[in-house]
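Notes for the structure review
Each chain, letter by letter, is given below.
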Amino acid sequence: MAEPTFEDNLAQLEKIVAQLEQGDVPLEQALAQFKTGVQLSQKLETTLKDAEQAVTKEVTDDGSVKAFDPDHA
Amino acid sequence: MPTHEYLSVTTLSAYLQRKFDQDPYLNRVYLTGELSNFRLRPGHQYFSLKDDHAKISAVMFKSAFNKLKFTPESGMKVLVVGRVTMYAASGQYQIVIEHMEPDGVGAFYQAYEQLKAKLEKAGAFAQNQRPLRQFPTQVAVITSPSGAVIQDIRTTVARRYPGLQLTLYPAVVQGDGSAKDLVRQLHRVAEHGDYDAVIIGRGGGSIEDLWPFNDETVAQAVLAMPMPVVSSVGHETDTTIVDFVADHRAATPTAAAELVTPVTLVDAINGIAQYRSRITAAMQNRLTALQERLARSQKSVVLTQPNRLYDQYVQQVDQLTTRLQQVMQSQLEALGHRVSLCRAALAPRNLQLRLNAQTQVVQQLRQRLTHATAVELVNKRQAMQSAVAGLDHLSPLKILGRGYTYVTDDNGKMLKTTSDYQVDATVTIHTQDGEVAAQVQQLKENNANG
């Protein structure tokens, strides 16, 4: 199975939020969900916070990739 | 001299004006000419159209002029559509222009309209309306490397969602070969395949400048893209075929960059933190509620004062005991009463009375018994006396009295037959008045018997 995407994890988190707020999940299950939810939220937040500012790339005609330099375009 | 009716200038002008207005040909005129005396004004535009031999005044009202996709200049060859009217105040006729386009691009427009109609009919405009990914990782940009487009996109993406990897596919965006280059880069982006979206665009320009984006091969390449396409071609007023066939159209490069980054990093982080606090709060509430429930149960009377469970029964037992005692008491009293009644009945005086009565009965019975016995005795005696009298007649003594005797041996045994006697044996003869001792001399049996 492919690694879940950011959106998959976010959807999972949203589902957990909705279920926990609804309050009809058995307590044991709710605790497990809560744990998963907190882990997911931390993972998602870390993913976002740790993402460094991406440098724009340029694909040249010969297929190679270089950093895009607007001053020498 | 015949009399003439003189018209006023106004009357004549009104008449002429009506002639103009009613003429079916002058109502819609297609005219080609060169712009002259054009000077941009803030409101309505007044200028002339001319050719080598003639000239006509022209007016273009603000509403029509604002729709133009180009900026007119004096000397420019134009194609106009309008109606010819007369302006009575100056006695001039003029053309009121509804639509104007540069001459020479008329062919462009025709081709554009034809392609637009064709693609629209084929459903190409509604074909791709794929949603954009909320948290994209890679987006391709097909545009000129030197224009403002890529700069605006980079700046906007860096501000909103800096982690997004932009990849520029530099393309020639105007002039000959531009359409071919755009198609080539579109294909390269499609082959790469991993992009969440592709932005295709160029800055504003003349209709000729934007022409590659009205090219059918470009339009088909856009339609075939495997990921959502965001177009940003020219200014907001320019709508190219690429804009129509793209999944999304942005008015500016900045808007295109905003479209591919629907959620900003700050919003995303805040949103996730908010989710976390929501589940924490939900969990907290849940636990608090459960703790309260538990505490309520723990504080319940049953658990804290278990004796209350049987207090009622104790009371009931007490009540029943009391009732039992009362009932026993009354029962005993009733029995005691009966006993005392009986005891009273058994008092000695009463016994004496009864004893006397019984004694009397006994005496009576005894008297009756004595009497009856006496009577019986008399009766029996009489009966016996008569019986004895009877017996007396039968007595052997009576028989002896008549002369009979009987003989016994020494032992007193009565001798009845001859054989009972023995010779010389002493026997006793019993008579009526005594005994006679005798000796047997001889035995002689009667032969009659033997």
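Not measured: the values here are computed from a predicted model.

Another point: the pairing of strand β2 (residues 45-50) of chain B. Residues and elements named next belong to chain B. As paired elements, strand β1 (residues 29-36) and β2 share three bridges and run antiparallel to each other. Within β2, the position partnered with serine 36 by the bridge is serine 48. From the end of β2 to the start of strand β3 (residues 55-60), which pair antiparallel, there are four residues.

Before going further, it helps to examine the sheet that holds strand β13 (residues 435-439) of chain B. Residues and elements named next belong to chain B. Pairing in this open sheet of three strands is antiparallel, and the strands run β11-β12-β13 from one edge to the other. With partners counted over all chains shown, the strands left at the sheet margins are β11 (406-408) and β13, one partner each. When strand polarity is set aside, the average angle formed by the axes of neighbouring strands in this sheet is 30°. Note that strand β12 (residues 426-430) and β13 share five bridges and pair antiparallel. Following the sheet pairing, histidine 430 is matched in β13 by glutamate 435.

Let us now look at the nonpolar core. Of all hydrophobic cores here, the largest spans 41 residues; its most connected members are Leu13(A), Leu48(A), Ile153(B), Ile199(B) and Val260(B). Looking at this core, the elements with two or more residues in it are α1 (6-22) and α2 (27-50) of chain A together with β6 (138-143), α4 (148-160), β7 (165-170), β8 (197-202), α8 (253-260) and α9 (265-298) of chain B. For this core, the element with the highest residue contribution is α9(B), accounting for eight residues. Not counting residues within four places of it along the chain, the set of residues in contact with Val260(B) comprises Leu132(B), Arg133(B), Pro136(B), Val139(B), Leu164(B), Ala197(B), Ile199(B) and Val230(B). Of all hydrophobic cores here, the second largest spans 35 residues; its members include Ala124(B), Trp211(B), Phe213(B) and Met225(B).

Cut-offs used in this document
- Residues numbered from 1 in each chain as written.
- Chains lettered and ligands numbered in written order.
- Predicted model: local features only at pLDDT ≥ 70, side-chain atom pairs only at ≥ 80, totals over all residues.
- Heavy atoms only, no water.
- Pairing = 2+ DSSP bridges.
- Helix = DSSP H or I, 4+ residues; strand = E, 2+ residues; numbered from the N terminus.
- Axes fitted to C-alpha atoms, helices over the stretch in contact; angles between N-to-C directions.
- Core = buried A, V, L, I, M, F, W, Y, C linked by side-chain atoms within 4.5 Å.
- Buried < 20%, exposed > 50% of the residue type's maximum accessible area, 1.4 Å probe, protein only.
- Contact = heavy atoms within 4.5 Å.

Such coordinate-based values are descriptive only and should not be taken to indicate function.
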